[in-house]
Amino acid sequence: MADRMGPGDFYDLVKEYALQELVEPLRPIPRWIAFGVLGSLLLMISGVSLTLAALRVLQEETGSAFTGNLSWAPHAITLLGAVVVLALLAQQIRKRKL
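Residues numbered from 1 in each chain as written. Predicted model: local features only at pLDDT ≥ 70, side-chain atom pairs only at ≥ 80, totals over all residues. Heavy atoms only, no water.

S.K.: For this particular structure, what's the right way to read the pattern of salt bridges?
M.R.: Any two side chains of opposite charge can pair, given that their charged atoms come close. Inspection of every chain in the model, using the stated rule, returns one salt bridge. The closest approach of N and O atoms between Arg27 and Glu24, which form a salt bridge, is 3.2 Å. Arg27 sits in the exposed class, given a relative accessible area of 53%. Judged by relative accessible area, Glu24 falls into the partly exposed class, the value being 42%. (Salt bridge = Lys/Arg side-chain N within 4 Å of Asp/Glu carboxyl O. Buried < 20%, exposed > 50% of the residue type's maximum accessible area, 1.4 Å probe, protein only.)

Following this line, the structure appears as structure tokens:
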């Protein structure tokens, strides 16, 4: 006579299947999220640092080119550079989504 499954065996089978197919694939997700957040923070900090470094170079290493009435120019050049970089990044993101 064939073995018959009781109600407890069926419950255990469903429980093991749910763990195998639902829970196990989801276990690495918190780690992926943590690496993504950490990477985003590091990229943000490096972007701000590079922008400030570019501003500092324009202010200090150009001599008297940006003094007097042109003291605003290093800020405008740095802002324009940051906007161009962000636009290029946004364009690349849009290309990958399509």
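S.K.: Quick question: what am I supposed to make of the packing of helix 2 (residues 29–60) against helix 3 (residues 73–97) here?
M.R.: The relative placement of two packed helices comes down to the angle between their axes together with the axis-to-axis distance. Relative orientation of the contacting elements helix 2 and helix 3 amounts to 150 degrees, with a least axis distance of 9 Å. For the element pair helix 2 and helix 3, the recorded crossing hand is right-handed. In this structure, helix 2 contributes Thr51, Ala54, Leu55, Leu58 and Gln59 to the contact, and helix 3 contributes Pro74, His75, Ile77 and Thr78. Residues belonging to the contact of helix 2 with helix 3 are distributed by class as follows: five nonpolar, four polar and no charged. (Axes fitted to C-alpha atoms, helices over the stretch in contact; angles between N-to-C directions. Helix = DSSP H or I, 4+ residues; strand = E, 2+ residues; numbered from the N terminus. Left-handed = near helix turned anticlockwise from the far one by under 90°. Contact = heavy atoms within 4.5 Å. Nonpolar A, V, L, I, M, F, W, Y, C, P; charged D, E, K, R; others polar.)

S.K.: What is the right way to look at the side chain of Thr78 in this model?
M.R.: Mapped onto the secondary structure, Thr78 falls in helix 3. Apart from residues no more than four positions distant in its own chain, Thr78 is found in contact with Thr51, Ala54, Leu55 and Leu58.

S.K.: Explanation requested: the confidence of the model for the protein chain in the structure shown.
M.R.: Should pLDDT be low for a region, the predicted coordinates there are not to be read in detail. This prediction gives the protein chain a mean pLDDT of 90; 95% of its residues lie at or above 70. Per-element confidence in the protein chain is highest for helix 2, whose mean pLDDT is 95, and lowest for helix 1 (residues 7–26), whose mean pLDDT is 85. (pLDDT = per-residue confidence, 0-100.)

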